[in-house]
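Now for the letters of each chain:
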Amino acid sequence: MNTTPDFLAREHDLRDPSPWLALYLDQSTPLPDKVKAAWLADSSSASRQYLLPFLRPLARAAIVLFQVIKVFVPRKWAHSRLLHRLLAWGLKRFVSPEANWLILRHFHLGSQVLAFIGANSPVPVATSPLEPADIDALKEDMFLQHDLNLFNFVIRLNQALRAQGLELRKAEQVDFSMIREPGLRLEDMPRGRLNFLDLQSAIELFTPLYQLMLTDNDFWRAANSLQLDETIGIYAATVLDAPEHLILVNNKHPLVPLSTLRAGHRLVIHGLSTEMLHSLLMKFRDAPAAAPL
């Protein structure tokens, strides 16, 4: 099965250089080659180029419409289990292998990053890892639980630190034991005739379903969990005493909530930020004496 992206299979043309090849070869963004290849193959797809510009305004209009509709339904109305079954069904049948692989990886990487911070805090904090083995595992409210885990972790960590009058600081002996490559293979992702939808288009389509089938609190929390990218990045940089690496973890100021209309785009940034932060932790782990790079 050939999974080599088109921009890697073609010869480099000096008169028509591929922007995707340039981004792949560039090493200023800390991503493993296989992840960067999958990300750029998905980003350079026909779905991303031709379908997304039409889907994005329709999806954002649907968010506004569903917000109006939910004014007239009970405040606690929600169907999270049905939502997650629809998401899993859509991912298996319509979303590209690269996008599905990156989505599954995100749960593993996010769990590892939180476990890293929790283990290296002056007051160790336990976490609740999410490590789906396949798309079907997402049916168990996993998207919602991912957001809950993030907020609960920030609350538990800071409650523990405040209770003992401590602050997060550089770890004397950094524990990297939880940082590893997930046991997920791109080759195992669904490859049916309809598995063509790119990651950004899929997220834009799924976001209105979140709006419709979750409570307002759950949807608002999901959208604004993205603001915590900086917070988690600061925590990791503090533990490692390496603030210079924060420049690539950027999803707006955590104290300034943004409109949910841009949640789809910011979810993509969230996924990329998590991949880069995890890649940096892998490099720190593998550096001599686990020293800062």
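Residues numbered from 1 in each chain as written. Predicted model: local features only at pLDDT ≥ 70, side-chain atom pairs only at ≥ 80, totals over all residues. Heavy atoms only, no water.

### Remarks on the overall build of the protein chain
Thought 1: Within the protein chain, the secondary structure is distributed over 11 helices and 0 strands.
Thought 2: When the elements of the protein chain are put in sequence order from the N terminus, they spell out α-α-α-α-α-α-α-α-α-α-α.
Thought 3: Taking 19 Å as the expected radius of gyration for a compact globule of 293 residues, we find that the protein chain reaches 20 Å, a close match to that expectation.
Thought 4: Scored against the burial criterion, the 293 residues of the protein chain give a buried share of 49%. (Helix = DSSP H or I, 4+ residues; strand = E, 2+ residues; numbered from the N terminus. Rg over C-alpha atoms; globule rule 2.2 N^0.38 Å. Buried < 20%, exposed > 50% of the residue type's maximum accessible area, 1.4 Å probe, protein only.)

### With respect to the nonpolar core
Thought 1: Leu 91, Trp 101, Leu 138, Phe 143 and Tyr 210 are the most contacted members of the largest nonpolar core, which has 36 residues in total.
Thought 2: When contributions to this core are tallied by element, the ones reaching two or more residues are helix 3 (33–43), helix 5 (80–94), helix 6 (97–120), helix 7 (142–163), helix 8 (199–213), helix 9 (216–224) and helix 11 (263–286).
Thought 3: Contacts of Trp 101, omitting those with residues within four sequence positions, involve Lys 34, Val 35, Ala 38, Leu 184, Arg 185, Leu 186 and Met 189.
Thought 4: Ranked by size, the runner-up nonpolar core spans 29 residues in total, among them Val 113, Phe 116, Leu 150 and Leu 168. (Core = buried A, V, L, I, M, F, W, Y, C linked by side-chain atoms within 4.5 Å. Contact = heavy atoms within 4.5 Å.)

### Quick look at unusual backbone geometry
Thought 1: Non-glycine residue Asp 141 carries a positive phi angle of around 55°.
Thought 2: Note on placement: Asp 141 falls in the loop between helix 6 and helix 7.
Thought 3: One non-glycine residue, Asp 241, lies in the positive phi region at around 55°.

### Focus on the pattern of salt bridges
Thought 1: Using the criterion set out here, one finds 13 salt bridges in the structure.
Thought 2: Where Arg 56 meets Glu 204, a salt bridge forms, and the shortest distance between an N and an O atom there is 3.0 Å. Within this pair, whereas Arg 56 is found in helix 4 (residues 46–69), its partner Glu 204 is found in helix 8, the two being separated by 148 residues in sequence.
Thought 3: The class for Arg 56 is partly exposed, based on a relative accessible area of 22%.
Thought 4: Ionic pairing is found between Asp 218 and Arg 221, a salt bridge with its closest N-O pair at 2.2 Å. Note that Asp 218 and Arg 221 are positioned in helix 9 at a spacing of 3 residues, about one turn of the helix.
Thought 5: Overall, Arg 221 belongs to the partly exposed group, its relative accessible area being 22%.
Thought 6: One salt-bridge network, in which partners are shared between bridges, spans Lys 34, Arg 105, Glu 181 and Glu 275. (Salt bridge = Lys/Arg side-chain N within 4 Å of Asp/Glu carboxyl O.)

### Things to note about helix 5
Thought 1: Helix length check: helix 5, at 15 residues, gives a terminal C-alpha distance of 21 Å against a target of 21 Å (1.5 Å per residue), a fit within 8%.
Thought 2: The set of residues buried in helix 5 consists of Ser 80, Leu 83, His 84, Leu 87, Ala 88, Gly 90 and Leu 91. On an axial view of helix 5, the arc spanned by its buried residues comes to 165°, and they lie on one face.
Thought 3: Buried residues belonging to helix 5 abut helix 6, helix 7 and helix 8. (Expected span 1.5 Å × (residues − 1). Arc of directions from axis to C-beta.)

### Observations regarding a nonpolar patch on the surface
Thought 1: Together, Val 64, Val 68, Val 71 and Phe 72 make up a nonpolar patch on the protein surface, roughly 430 Å² of accessible area in all.
Thought 2: Along the chain, the position of Val 71 falls in the loop between helix 4 and helix 5. (Patch = residues over 30% accessible without salt bridge, like charges linked within 9 Å, V, L, I, M, F, W, Y side chains within 5 Å. Areas by Shrake-Rupley, 256 points an atom, 1.4 Å probe, with all protein chains shown as cover.)

### Concerning the packing of helix 7 against helix 10 (residues 228–240)
Thought 1: Contact geometry of helix 7 with helix 10 gives a least axis separation of 12 Å together with a crossing angle of 45°. As judged from the angle between their axes, helix 7 and helix 10 are oblique. Taken as a pair, helix 7 and helix 10 cross one another with a handedness that is left-handed. Contact residues: Leu 150, Phe 151, Val 154, Leu 157 and Asn 158 in helix 7; Leu 228, Ile 232 and Tyr 235 in helix 10.
Thought 2: Across the contact of helix 7 with helix 10, the residue classes break down as 7 nonpolar, 1 polar and no charged. (Axes fitted to C-alpha atoms, helices over the stretch in contact; angles between N-to-C directions. Parallel < 35°, antiparallel > 145°, perpendicular 65-115°, else oblique. Left-handed = near helix turned anticlockwise from the far one by under 90°. Nonpolar A, V, L, I, M, F, W, Y, C, P; charged D, E, K, R; others polar.)

### Details of the packing of aromatic side chains
Thought 1: Going through the model one piece at a time under the given rule, you end up with 5 aromatic pairs.
Thought 2: Centre to centre, the rings of Phe 7 and Tyr 24 are 6.1 Å apart; their planes meet at 55°, and the pair counts as tilted. In this pair, Phe 7 sits in helix 1 (residues 6–9) while Tyr 24 sits in helix 2 (residues 19–25), placing the two residues 17 residues apart along the sequence.
Thought 3: Seen in terms of ring centroids, Phe 143 and Tyr 210 are 6.4 Å apart; in terms of plane orientation they differ by 85°. Their pairing is edge-to-face. (Phe/Tyr/Trp six-rings, centres within 6.5 Å; stacked < 30°, edge-to-face > 60°.)

### Observations concerning the confidence of the model for the protein chain
Thought 1: Across the protein chain, pLDDT averages 87, with 91% of residues at or above 70.
Thought 2: Within the protein chain, helix 6 carries the highest mean pLDDT (96), whereas helix 9 carries the lowest (81). (pLDDT = per-residue confidence, 0-100.)

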